[in-house]
Amino acid sequence: MTLEDIFNSGRNSGHAALIGYLPAGFPHPEEFQSILSSLAAAGLQCIEIGIPTKHPFLDGQVISSALNRGHEQGLTFTRATSISGDALRSSDLAGIGMIYHTTLMEVGIEKVFSSLNRNHFQAVL
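Computed from a predicted model, the values in this text were never measured in an experiment. (Residues numbered from 1 in each chain as written. Predicted model: local features only at pLDDT ≥ 70, side-chain atom pairs only at ≥ 80, totals over all residues. Heavy atoms only, no water.)

Let's talk about the pattern of salt bridges
Definition in use: Every case where a carboxyl oxygen of Asp or Glu lies within 4 Å of a side-chain nitrogen of Lys or Arg is listed as a salt bridge. Think of it this way: any DSSP run of H or I at least four residues long counts as a helix, any run of E at least two long counts as a strand, and we number them from the N terminus. The buried label applies to any residue whose accessible area, calculated with a 1.4 Å probe on protein chains only, is under 20% of its type's maximum; exposed applies above 50%, and partly exposed to all values in between.
Enumeration over the complete set of coordinates arrives at 1 salt bridge. A salt bridge links D86 to R89; the nearest nitrogen and oxygen atoms lie 3.1 Å apart. With D86 and R89 both in helix α4 (residues 77-91) and 3 residues apart, the pair spans about one turn of that helix. The class of D86 is partly exposed, set by a relative accessible area of 38%.

Here it is as structure tokens:
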């Protein structure tokens, strides 16, 4: 399902889209795919996925802790987007990537957008 489909459906039915958030690979990379599948089965239509970064200084304590946990578990940008892409494809959720400006600078703008596009993300914040 695409973001356009989700919002058009909501507009036509008068219901809001149900959109969630999880950091990539949270709580553990091996569990992430089954969690997204369960969320989709429960009615979630879209998921914003936070890509771990070394310094998540713009988020509150809970999200910063979760992003740090992913970074400590060895989730590089490439691994995080790959795990997320697999989970998005299997759950049929629309995916939005949440990345930090520092990720763009560290990884490179072209590589970031190429990887997100290849891994089924439909938008980036």
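That shown, we press on.
Some thoughts on the pairing of strand β3 (residues 94-98)
Short version of the rule: In this scheme, strands are said to pair when DSSP sees at least two bridges between them.
Here β3 lies mainly inside the structure; 5 of its 5 residues are buried. Here β3 shows a buried face lined by A94, I96 and M98 and a second buried face lined by G95 and G97. Inspection of the sheet shows β3 paired to strand β4 (residues 121-124) by 3 bridges, in the parallel sense. Looking at the pairing, G95 lines up with F121 of β4.

Here's the deal with α4
The condition that has to hold: In this scheme, a helix's expected span is set at 1.5 Å multiplied by one less than its residue total. We call two residues contacting when some pair of their heavy atoms lies within 4.5 Å.
Here α4 spans 21 Å end to end across 15 residues, near enough to the 21 Å set by a 1.5 Å rise per residue. By the burial criterion, the buried members of α4 are F77, A80, T81, I83, S84, G85, A87, L88 and S91. For α4, the elements touching its buried residues are α2 (29-41), β2 (46-50), β3, α5 (101-107), α6 (109-118) and β4. In the stretch just after α4, D92 is the one whose phi turns positive, near 60°.

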